[in-house]
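The residues making up each chain are set out below.
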There are 6 protein chains.
Amino acid sequence: MNAVTHPEITLVPNNSLLTATPEEGRQLAVKMARLIVKLTQPDEEKRNQLRDVYGNDAMMLIAVGQTVATEFATIAAANNYWRK
Amino acid sequence: MNAVTHPEITLVPNNSLLTATPEEGRQLAVKMARLIVKLTQPDEEKRNQLRDVYGNDAMMLIAVGQTVATEFATIAAANNYWRK
Amino acid sequence: MNAVTHPEITLVPNNSLLTATPEEGRQLAVKMARLIVKLTQPDEEKRNQLRDVYGNDAMMLIAVGQTVATEFATIAAANNYWRK
Amino acid sequence: MNAVTHPEITLVPNNSLLTATPEEGRQLAVKMARLIVKLTQPDEEKRNQLRDVYGNDAMMLIAVGQTVATEFATIAAANNYWRK
Amino acid sequence: MNAVTHPEITLVPNNSLLTATPEEGRQLAVKMARLIVKLTQPDEEKRNQLRDVYGNDAMMLIAVGQTVATEFATIAAANNYWRK
Amino acid sequence: MNAVTHPEITLVPNNSLLTATPEEGRQLAVKMARLIVKLTQPDEEKRNQLRDVYGNDAMMLIAVGQTVATEFATIAAANNYWRK
């Protein structure tokens, strides 16, 4: 088994991809994408500065969406698309 | 289960990926992509300014298409490609 | 069910991902990618100007291909890769 | 069924994703990616100029690889990864 | 079988995609993405300089997230999404 | 069947996606990505110059990782994730 631990930052909240609903799954995708930004740039002040940058840059906003879309694809598959 | 709530913005309309038709699924993909832009940039006026930017920039228009294509892939799989 | 309607622009021709052949599926992928550009930039004259831009820009031409490749992946899966 | 025809350019050689081997599948992926460039920029002379551009630009070379990788993923799945 | 060996750099820790939990899978995705950077730029000092660059560049931070998201999609599928 | 041959450059070593281990699969993904660069820019000297460029450019290094991640996703699926 693989255990490459980064103890200080949890990358998957609740250590599970399973959510009750698509909405929670979508929020998890957003959260997991942000946690990679946090892992790559641990300095909160810098992250806030960078968020002002990408929040006001059309291309970056689009790129954020691409990352969330890919994360969500994985989470949706994990939850069998929340089909009853 | 995971519940990372962003109460103020719903990220998945009707909290479901299931749509009656591909057309509705495609529109849901567009809507979900836009909701991530809204989540990342809550200021409506700024978003409208940014829409003028990416609406007139060839590369950004293409990048919007890439995001929608990835979202749609997930929604199409969720709906088993609307096969009868 | 989800019904986020954009009545004025149809995003999925014939409201189906099913095509008789891979060639038709590929053309549908191109068409669906273009319809997102149209949805994002409804002004035809502007779109024609933008097409001159990306038609003569190597990186943009490549990016168009990435979008079509992602759309086609979905359409091919929907048609079970046109396996007999 | 969908039939969005672009009679002048065939986008899928032999109108099939099925190939005898991974090598042929990989070459088909390259060919299909190039046919979208051709569809988007029908002028051969311009395409040759653009090929000189992206052939000598590191980022564009990488981006070409991303497109081929996505096309190949679809073709490999279509051929069930050429598993015997 | 294929054996294209790069003996000096191991690209897949423990030569396995299987992890006990999503958290370990996520960390493996990060690790595998970094190992490709290491393979492409073996000079550690240069990598550290580059990490300062992308750690402070909003678009690059987003792009790192896109790579991790794609790696994680593969690892999650390999582990059947850690469904019990 | 499709046979679009580029006899001079083999794009898939050993004409197979099957590898004994994830490590070999990962190296195959790197190799296949590089072979597309070689196909697109056959001039070895130019490729070496370009490798110096992207080896020292943070965004390009990340983009290389995105291509390898997509190639690896296909190879991992082909090998059923090397599950015993």
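Cut-offs used in this document
- Residues numbered from 1 in each chain as written.
- Chains lettered and ligands numbered in written order.
- Predicted model: local features only at pLDDT ≥ 70, side-chain atom pairs only at ≥ 80, totals over all residues.
- Heavy atoms only, no water.
- Contact = heavy atoms within 4.5 Å.
- Buried area = accessible area lost by both parts, 1.4 Å probe.
- Salt bridge = Lys/Arg side-chain N within 4 Å of Asp/Glu carboxyl O.
- Polar contact = N/O pair within 3.5 Å; in protein donor to acceptor, adjacent residues only side chain to side chain.
- Helix = DSSP H or I, 4+ residues; strand = E, 2+ residues; numbered from the N terminus.
- Nonpolar A, V, L, I, M, F, W, Y, C, P; charged D, E, K, R; others polar.
- Least-squares fit on C-alpha atoms with pLDDT ≥ 70 in both.
- Axes fitted to C-alpha atoms, helices over the stretch in contact; angles between N-to-C directions.
- Parallel < 35°, antiparallel > 145°, perpendicular 65-115°, else oblique.

The name an unreviewed UniProt entry assigns to chain A is Hexameric tyrosine-coordinated heme protein, from the organism Tumidithrix elongata BACA0141.

Peer 1: What's the story with the interface of chain D and chain F in this structure? I'm lost.
Peer 2: Interfaces are often sized by the amount of accessible area the parts lose when they come together. Contacts between chain D and chain F engage 37 residues on the former and 36 residues on the latter. Between chain D and chain F, roughly 3100 Å² of surface is buried when both sides are summed, and carbon and sulfur atoms account for 64% of that area. Summed over the three residues of chain D that lose the most area to chain F, namely Glu23, Arg26 and Gln27 of chain D, the buried surface amounts to 19% of that side. Viewed at the interface, chain F and chain D are joined by one salt bridge. Between Arg26 of chain D and Glu71 of chain F there is a salt bridge; the shortest N-O distance is 2.5 Å. Taken together, the connections running from chain D to chain F amount to twelve residue pairs in polar contact (both at pLDDT 80 or more). Going through the elements one at a time, helix H1 (22-40), helix H2 (44-55) and helix H3 (58-78) of chain D are the ones with two or more residues in the side of chain D that touches chain F. The element that contributes the greatest number of residues to the side of chain D that touches chain F is H3 of chain D, accounting for 13 residues. Here the side of chain D that touches chain F is built from residues that sort into 20 nonpolar, ten polar and seven charged.

Peer 1: Could you clarify how one ought to interpret the relation of the copies chain D and chain F in this entry?
Peer 2: One copy of the chain maps onto the second through a rotation about an axis and a displacement along it. Taken as rigid bodies, chain D and chain F are interconverted by a rotation of 60 degrees and an axial shift of 0.0 Å, the fit giving an RMSD of 0.0 Å. Expressed as an axis order, the relation between the two copies is that of a six-fold axis. No C-alpha of chain D lies nearer the rotation axis than that of Thr70 of chain D, which sits 6.8 Å from it. Interface overlap between copies is the fraction of interface residues in one copy that are interface residues in the other; for chain D against chain F it is only 19%, indicating separate surfaces.

Peer 1: Would you explain the packing of helix H2 (residues 44-55) of chain E against helix H3 (residues 58-78) of chain F in this entry?
Peer 2: How two helices pack is summed up by the angle between their axes together with the distance between the axes. Interhelical geometry of H2 of chain E versus H3 of chain F gives an angle of 90 degrees and a closest axis separation of 9 Å. When the interaxial angle is binned, H2 of chain E and H3 of chain F end up roughly perpendicular. On H3 of chain F, the residues that touch Leu50, Val53 and Tyr54 of chain E of H2 of chain E are Ala58, Leu61 and Ile62 of chain F. Across the contact of H2 of chain E with H3 of chain F, the residue classes tally to six nonpolar, no polar and no charged.

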